[in-house]
Amino acid sequence: AQSVTQLDSQVPVFEEAPVELRCNYSSSVSVYLFWYVQYPNQGLQLLLKYLSGSTLVKGINGFEAEFNKSQTSFHLRKPSVHISDTAEYFCAVSEGNTDKLIFGTGTRLQVFP
Amino acid sequence: DSGVTQTPKHLITATGQRVTLRCSPRSGDLSVYWYQQSLDQGLQFLIQYYNGEERAKGNILERFSAQQFPDLHSELNLSSLELGDSALYFCASSVVGRGETQYFGPGTRLLVL
């Protein structure tokens, strides 16, 4: 069964510093990968997704992620974070012929001034 | 604003009761998904409907049921409620096709006392 692991439950970082949020997945077949962000008291919003093609995917708000098939990873990065990036970030995968998303446990990014 | 609406925003009820959560998808989206977000289980896929028909099922309890109506809105029915059913319930919608972005509503926060 497919699963998603987000190793870091919390990532504290200072404003304007770079950040990487880690995501690893397990699947024996090709997958589609997603990063969603959840701001306090809101629903989830798609940051970016990987379906095929270039392994470097650019998303909204300056975020990007790199798909690494050999390492089964899809880490999210931002070169310089803002206070407004403080939120919960979820990595998700879908595989096979289903559309359902399997989510990781989430990483809380806290940006300090 | 994702275009997906959910009502009610909050719901407080007692154990043993039954509630109905409602979701209106984005205009043109035929697929509706229900997810449960709780502290101990994280974000879990419950069920998917496509154009009125059940398409995929996740870890949905037998006490829970859903349906999608001809106007494409969906309802999630939760019965014989238990304390552990307290959670945030999200609805998402998408167009047809694998890898399509799922747009999430703001969620319904259910508290079972």
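This text goes with the structure placed above it.
First things first, this report covers the structure right here in the doc. (Residues numbered from 1 in each chain as written. Chains lettered and ligands numbered in written order. Predicted model: local features only at pLDDT ≥ 70, side-chain atom pairs only at ≥ 80, totals over all residues. Heavy atoms only, no water.)

1. Some details on the overall build of chain A
When you go through chain A residue by residue, the secondary structure sums to zero helices and twelve strands. Along chain A, helices (α) and strands (β) appear in the sequence β-β-β-β-β-β-β-β-β-β-β-β when read from the amino end. Since a compact globule built from 113 residues should have a radius of gyration of about 13 Å, the 13 Å found for chain A is in line with a globular shape. Across its three principal directions, the C-alpha atoms of chain A cover 45 × 30 × 20 Å. Counting contacts in chain A only where the partners sit at least 6 residues apart, residues at least 24 apart contribute 55% of the total. (Helix = DSSP H or I, 4+ residues; strand = E, 2+ residues; numbered from the N terminus. Rg over C-alpha atoms; globule rule 2.2 N^0.38 Å. Contact = heavy atoms within 4.5 Å.)

2. So, the interface of chain B and chain A
The interface is formed by 20 residues belonging to chain B together with 21 residues belonging to chain A. Of the roughly 1700 Å² buried where chain B meets chain A, counting both sides, 51% is carbon and sulfur surface. On the surface where chain B and chain A come into contact, there are seven residue pairs in polar contact (both at pLDDT 80 or more). Mapped onto the side of chain B that touches chain A, the elements with two or more residues apiece are β4 (31-38), β5 (42-50), β6 (53-57) and β9 (87-94) of chain B. Looking at the side of chain B that touches chain A, its residues break down into eight nonpolar, seven polar and five charged. (Buried area = accessible area lost by both parts, 1.4 Å probe. Polar contact = N/O pair within 3.5 Å; in protein donor to acceptor, adjacent residues only side chain to side chain. Nonpolar A, V, L, I, M, F, W, Y, C, P; charged D, E, K, R; others polar.)

3. Things to note about the sheet that holds strand β7 (residues 64-68) of chain B
All names here are of chain B. Reading across the sheet, the four strands line up as β1-β3-β8-β7 and stay open at both edges, with antiparallel pairing between neighbours. The sheet is open, and its two edges are formed by β1 (5-7) and β7, each paired on a single side. Adjacent strand axes in the sheet meet at a mean angle of 15 degrees when their direction is disregarded. For β1 and strand β3 (residues 19-24), the ladder comprises three bridges, and the chain directions are antiparallel. From the neighbouring strand, T7 faces β3, where its bridge partner is R22. (Pairing = 2+ DSSP bridges. Axes fitted to C-alpha atoms, helices over the stretch in contact; angles between N-to-C directions.)

4. As for the packing of aromatic side chains
Across all of its chains, the model carries 14 aromatic pairs over all chains by this definition. Here a set of aromatic residues connected by ring pairs shows up, and it is made of F34, Y36, F90 and F103 of chain A together with Y33, Y35, F45, F90 and F104 of chain B. Stacked on the ring of Y103 of chain B, the Lys or Arg R26 of chain B has its end atom at 3.7 Å from the ring centre. One cation-aromatic arrangement involves R55 of chain B over Y50 of chain B; the distance from NZ or CZ to the ring centre is 5.2 Å. (Phe/Tyr/Trp six-rings, centres within 6.5 Å; stacked < 30°, edge-to-face > 60°. Lys NZ or Arg CZ within 6 Å of the ring centre and 35° of its normal.)

5. Focus on the state of the cysteines
Residue and element names in this part refer to chain B. Going through the model one piece at a time under the given rule, you end up with two disulfides over all chains. The disulfide that involves C23 links it to C91, with 1.8 Å between the sulfurs. Looking along the S-S bond of the C23-C91 disulfide, the torsion reads about -50 degrees, which is the left-handed sense. Here C23 is found in strand β3, whereas its partner C91 is found in strand β9, with 68 residues between them in sequence. (Disulfide = S-S within 2.5 Å.)

6. Regarding the nonpolar core
The biggest cluster of nonpolar side chains holds 28 residues, and the ones touching the most others in it are L33, W35, L47, L48, F74, L76 and Y89 of chain A. Of all the secondary structure elements, the ones that give two or more residues to this core are β2 (10-14), β3 (19-21), β5 (31-38), β6 (44-50), β8 (64-68), β9 (73-78), β10 (87-95) and β12 (107-112) of chain A. Beyond its immediate chain neighbours, meaning those up to four positions away, L47 of chain A contacts W35, Y36, V37, G59, I60, N61, F63, L76 and Y89 of chain A. Membership of the second largest hydrophobic core comes to 20 residues, among which are L21, V32, Y49 and L81 of chain B. (Core = buried A, V, L, I, M, F, W, Y, C linked by side-chain atoms within 4.5 Å. Buried < 20%, exposed > 50% of the residue type's maximum accessible area, 1.4 Å probe, protein only.)

7. Focus: the pairing of β9 of chain A
Residue and element names in this part refer to chain A. Extensive coverage of β9 is indicated by the burial of five of its six residues. When β3 meets β9, the two strands line up antiparallel, connected through three bridges. Each bridged residue has a counterpart across the sheet, and for V19 the counterpart in β9 is K78. Relative to β9, β8 runs antiparallel, the two being bridged by five bridges. When the bridges of β9 are listed, N68 appears paired with S73. Linking β8 to β9, which pair antiparallel, is a turn of four residues; within it T72 sits at a positive phi near 45 degrees.

8. Observations regarding the layout of surface pockets
Leftover empty space is mapped by rolling, across the atoms, a probe with the size of a water molecule. Taken as a whole, the largest pocket holds about 580 Å³ of empty space. Forming the walls of the largest pocket are 24 residues, and the residues nearest its centre are Q38 of chain A together with Q37, S38, L39 and L88 of chain B. Among the elements of the structure, β10 of chain A together with β4, β5, β9 and β11 (108-112) of chain B are those that each provide at least two residues to the lining of the largest pocket. Of all the elements, β11 of chain B adds the most residues to the lining of the largest pocket, at three residues. Grouping the constituent residues of the lining of the largest pocket by class yields nine nonpolar, eleven polar and four charged. (1 Å grid on protein atoms, 1.4 Å probe; cavity = no way out; pocket = protein on both sides within 12 Å on 5 of 7 lines; lining within 4 Å. Points joined across faces, edges and corners; volume = space filled by probe spheres on them.)

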